[in-house]
Structures are given as structure tokens and as C-alpha cells.
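# Structure assessment
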Amino acid sequence: MRAVVITGHGDLDVIKEREVPMPRPGPGEVLVQVHAAGCNNTDLWTREGSYGAAEDPDVKTGWLGPLDFPRIQGADVAGTVVACGDEEATGLVGKRVLVDPAEYDGPGPDARPADVLGSERDGGFAEYVVVPSARAHSVEGSPLTDVELAALPIAYGTALGMLDRGAVSKGHTVLVTGASGGVGLAAVQLARSRGARVVAVCGGDKGEAVRSAGADAVVDRRRGEVLADAVAAAPGGYDTVIDVVAGAALGLGLLRAGGRWVVAGALAGWAVNIDVRRLYLANLSLVGSTMHTPRIFDRLVEIARRGDVTPVVAATFPLGQVGEAQAQLARRSHVGKLIIVP
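What this report covers is the structure whose coordinates are included nearby.

Basis of the calculations
- Residues numbered from 1 in each chain as written.
- Predicted model: local features only at pLDDT ≥ 70, side-chain atom pairs only at ≥ 80, totals over all residues.
- Heavy atoms only, no water.
- Helix = DSSP H or I, 4+ residues; strand = E, 2+ residues; numbered from the N terminus.
- Rg over C-alpha atoms; globule rule 2.2 N^0.38 Å.
- Buried < 20%, exposed > 50% of the residue type's maximum accessible area, 1.4 Å probe, protein only.
- Areas by Shrake-Rupley, 256 points an atom, 1.4 Å probe, with all protein chains shown as cover.
- Pairing = 2+ DSSP bridges.
- Axes fitted to C-alpha atoms, helices over the stretch in contact; angles between N-to-C directions.
- Contact = heavy atoms within 4.5 Å.
- Phe/Tyr/Trp six-rings, centres within 6.5 Å; stacked < 30°, edge-to-face > 60°.
- Right-handed = clockwise from strand over helix to strand, strands pointing away.
- Patch = residues over 30% accessible without salt bridge, like charges linked within 9 Å, V, L, I, M, F, W, Y side chains within 5 Å.
- Salt bridge = Lys/Arg side-chain N within 4 Å of Asp/Glu carboxyl O.
- Parallel < 35°, antiparallel > 145°, perpendicular 65-115°, else oblique.
- Left-handed = near helix turned anticlockwise from the far one by under 90°.
- Nonpolar A, V, L, I, M, F, W, Y, C, P; charged D, E, K, R; others polar.

## Examining the overall build of the protein
A tally of helices and strands in the protein yields nine helices and 18 strands. Computed over C-alpha atoms, the radius of gyration of the protein comes to 20 Å, within 12% of the 20 Å expected from 2.2 N^0.38 for 342 residues, which places it in the range of a compact globule. Viewed in the frame of its principal axes, the protein has a C-alpha envelope of about 55 × 40 × 40 Å. Put simply, the protein has 342 residues, and 53% of those count as buried. Here the protein displays about 14200 Å² of accessible surface, and carbon together with sulfur accounts for 50% of that area.

## Examining the sheet that holds strand β16 (residues 285-288)
Ordered by their spatial adjacency, six strands build an open sheet running β13-β12-β11-β14-β15-β16, and the pairing between neighbours is parallel. Looking at the sheet topology across the chains shown, the edges are occupied by β13 (217-220) and β16. For this sheet the average axis-to-axis angle between neighbouring strands, irrespective of direction, equals 20°. Strand direction decides the pairing type here: strand β12 (residues 197-202) and β13, joined by four bridges, are parallel. Along β13, the bridge assignment pairs Val199 with Ala217. Contacts between helix α3 (residues 153-165) and the sheet are confined to β14 (238-243), β15 (255-263) and β16, with β15 contributing the most and set at about 155° to the helix. Packing against the sheet, helix α4 (residues 182-193) makes contact with β11 (173-176), β12 and β14, and its axis sits at approximately 170° to β12.

## Topic: the packing of aromatic side chains
For the structure shown, the criterion picks out one aromatic pair. When the ring of Trp45 is compared with that of Tyr51, the centres are 6.2 Å apart and the planes differ by 85°; the resulting orientation is edge-to-face.

## Quick look at the sheet that holds strand β1 (residues 2-6)
Spatial ordering of the open sheet is given by β2-β1-β4, a layout of three strands whose pairing is antiparallel. Looking at which strands have only one partner, the edges of the open sheet turn out to be β2 (15-19) and β4 (71-72). As defined by bridge partners, β1 adjoins β4 across two bridges and the pair is classed as antiparallel. If you follow Ile6 over to β4, its bridge partner there is Arg71.

## Some remarks on the pairing of β12
The element β12 is extensively covered by neighbouring structure, given that five of its six residues are classed as buried. Pairing between β11 and β12: four bridges, direction parallel. Looking at the pairing, Leu175 lines up with Val199 of β12. With α4 bridging β11 and the parallel β12, this β-α-β connection has right-handed handedness. Note on the crossover from β12 through helix α5 (residues 207-213) to β13: the handedness is right-handed.

## Observations regarding a nonpolar patch on the surface
On the surface, Val272, Ile274, Val276, Tyr280, Leu281 and Leu286 cluster together to form a nonpolar patch covering roughly 560 Å² of accessible area. Looking at the nonpolar patch element by element, the count peaks at three residues for helix α7 (residues 276-281). Secondary-structure assignment places Leu281 in helix α7. On the basis of relative accessibility, which here comes to 65%, the residue Leu281 falls in the exposed class.

## Examining helix α1 (residues 41-48)
Restricting attention to buried positions, one finds in α1 the residues Asp43, Leu44, Thr46 and Arg47. Buried-residue contacts for α1 involve β1, β2, β3 (29-38) and α9 (322-331). Downstream of α1 by a residue or two, Gly49 has a phi angle that is positive, lying close to 70°.

## Side note on unusual backbone geometry
The omega torsion of the bond from Phe69 to Pro70 falls at 0°, within 30 degrees of zero and hence cis. Among the secondary structure elements, Pro70 is positioned in the loop between α1 and β4. Although it is not a glycine, Ala167 sits at a positive phi angle of roughly 55°. Along the polypeptide, Ala167 turns up in the loop between α3 and β11. Residue Ala167 is classed as partly exposed on the basis of its relative accessible area, which comes to 35%. Even without a glycine there, the phi angle at Asn283 is positive, about 55°.

## Brief notes about the environment of Arg135
When you line up the elements, Arg135 lands in the loop between β9 (128-132) and β10 (136-138). Taking the C-alpha atoms as reference points, Arg135 and Val20, 115 residues apart in sequence, are found 24 Å from one another. Contacts of Arg135, omitting those with residues within four sequence positions, involve Leu98, Val99, Asp100, Ala102, Glu103 and Tyr104.

## Brief notes about the packing of α3 against α4
At a minimum axis distance of 8 Å, the contact between α3 and α4 shows a crossing angle of 55°. The orientation of α3 relative to α4 falls into the category oblique. Once α3 is placed against α4, the crossing between them reads as right-handed. Of the residues in α4, those in contact with Ala155, Tyr156, Thr158, Ala159, Leu160, Met162 and Leu163 of α3 are Gly182, Val183, Ala186, Ala187, Gln189, Leu190 and Ala191. Along the lines of polarity and charge, the residues of the contact of α3 with α4 split into eleven nonpolar, three polar and no charged.

Now the structure itself:
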């Protein structure tokens with residue numbers, strides 16, 4: 001089959017299209033024909049080896065540690081099950097599925113990801129992929145297209161987890177940073193669907209598209225006055241900040257007493273400065289949030305089946321243009337998701 005691999009950590013030149021053996025499902029696994037596979041910032045950071053390690057933040061490594069190469073990336077997969085490795089999964093054969101990219105560190109509904117498709121094991125930038133049958137969720141009858149479904153797992157799963165950990169509910173005021181990207185735009189749509197008032201931070205040229213996705217107000221980060229403009233957009237403060245940008249200035253002063261700052265990315269840098277007096281005197285919560293849990297992904301599958309949210313897709317690319325897709329992703333000139341269609 002055709003697949004796109006990375007041969008090591010590095011720049012775009014480590015991305016190679018190859019003919020590779022067709023994977024075969026073993027016990028507890030299914031073979032999925034990939035109809036669409038989403039691109040994520042995690043693809044860039046994994047290829048670049050940008051995650052670092054606790055003992056050395058500058059070491060080149062994957063999210064969970066050293067990777068085996070060559071590796072097929074692509075965590076977000078929508079497709080059809082075409083074969084199974086044992087009789088228990090025969091009911092999935094022929095079904096349209098959305099794949100949960102995570103394997104977890106335990107059996108409970110709030111277990112944490114311990115292994116991710118396209119990182120610790122081969123993913124969806126290929127014609128076929130093998131996944132655990134328990135992670136292949138039927139989405140038969142969903143009004144969403146395969147391309148729209150493939151936009152969901154990482155970005156919308158991460159955003160849904162952030163909203164849950166930020167306790168976002170109807171009537172809340174929420175600030176979303178990086179609002180034109182995959183996770184940010186997902187957070188805008190999902191927060192709006194919960195009945196929250198959403199203030200979105202993005203480049204001014206993307207403001208109209210972000211408003212169309214559900215933002216009530218937009219802060220133009222290019223003005224260079226993000227904190228002041230965010231205050232002006234919500235003088236009473238924010239119940240929750242959904243942050244994928246981080247950087248040197250973490251504006252905890254934007255939060256109302258008892259508010260929550262939820263972080264799931266560091267697009268502006270991982271080193272931050274905070275005034276811990278503000279943190280404890282106002283009973284604030286600074287919350288880290290990585291991807292989703294089984295419980296959150298189950299909810300995401302229900303959203304997909306009903307079509308409650310329609311993901312914004314910026315562009316699609318054929319399998320041979322994964323490098324071009326990652327280059328566009330790095331430029332951040334688009335709004336929404338970039339999808340590979342094998």
C-alpha cells in the first residue's frame with residue numbers, strides 16, 4: 001500500500017512517500033481503509049522532536065518518549081473497516097468508523113492517553129491502518145462527511161476535554177486563544193454550543209471566519225494589546241480561559257475569582273511567568289489538559305453521529321502532499337483543519 005512516513009526527527013525533508021507492506025489485524029484489531037486523516041500540530045512537533053523530556057527540555061523526542069522510525073503519522077482517521085483479526089469484531093466489518101487515536105493507561109472512563117496513533121504506532125497517512133477494535137467507533141448515519149469526521153479526534157477531543165476541565169457551561173464567559181487553529185476553533189464551536197459567550201483571540205484577517213464559527217467577539221492579536229483588548233471585550237472578567245498559546249505573559253488577571261485557566265499548548269513558548277499571589281488570593285485554577293479521555297471521546301462520537309457541530313475544513317490534500325500540508329499548517333495562514341485524503 002502507499003503510505004507517507006517520517007524517517008527521523010527533522011524538517012520537511014524527512015517526510016517520504018513509500019510503498020509499504022499492508023498491515024494485518026491481529027486479535028482485538030481491525031483493518032480500516034482510510035478515507036480521510038486530519039493534520040495536527042502534534043504532527044509537526046513529533047516530526048521536529050519538539051516535546052523534550054523532563055530531564056532535558058531540549059532533547060529531540062516524541063510526546064511520550066523516543067520514537068521508532070520510519071513512522072507513519074496521522075492520528076485522526078475516518079474510514080471503513082474492511083477486515084478484523086478475530087470473530088469478536090466481525091460486526092464492525094463494512095462499518096463507517098471514527099477512530100479514537102489513544103490507547104489508555106487504565107480501563108476507567110477517565111484514564112489518560114498512554115499511546116497515540118501516528119506517534120507510538122503507525123497512523124492514518126496511508127491507504128490502510130490497523131487499530132484496536134475497541135477504538136473503532138461506528139458513525140453509520142452521521143450527516144458529516146468523511147473529511148469532516150477526520151477533523152474531530154485530536155482537535156475536538158482536546159477542546160472538549162479543555163471545556164470539561166474548565167467547567168464551561170451556559171452563561172459563562174470564555175476566552176479562547178489561538179482561535180483560528182484546529183483546537184482553538186473547535187473550542188469556539190463547542191463552547192458556543194454549550195451556551196457560553198465566547199471571546200476569541202486570532203489574527204485580524206481571520207476574525208470574520210472565527211466569528212462565523214461562533215465567536216461573539218474577536219480580539220486581534222496583531223494589535224499587540226491582547227490582554228487590554230481581552231479586558232475590554234469582557235470587563236467583568238472570564239470564567240474560563242481556553243489557552244493553546246501560552247508564552248511569556250499568562251494573564252491570570254483576566255479571570256474572575258474562582259476562574260480556571262486551561263492550557264493545552266505552547267504555540268508562543270513553553271516558558272511562562274505568573275504571579276502566584278493572584279493564583280491563590282482569587283482561588284484560581286491553572287489546569288493542564290492533554291487530549292481526551294475515553295469518556296470524553298465517547299461524547300465526541302455522539303456529537304459526530306448527530307452532527308451537532310460541523311467542523312471547519314480549510315483544505316484537503318492527496319496522500320502525496322503530506323509535506324505541503326504540514327508546511328501550510330506551520331505557516332498558520334488558514335482557518336480550520338487540513339485533511340489528507342488518500
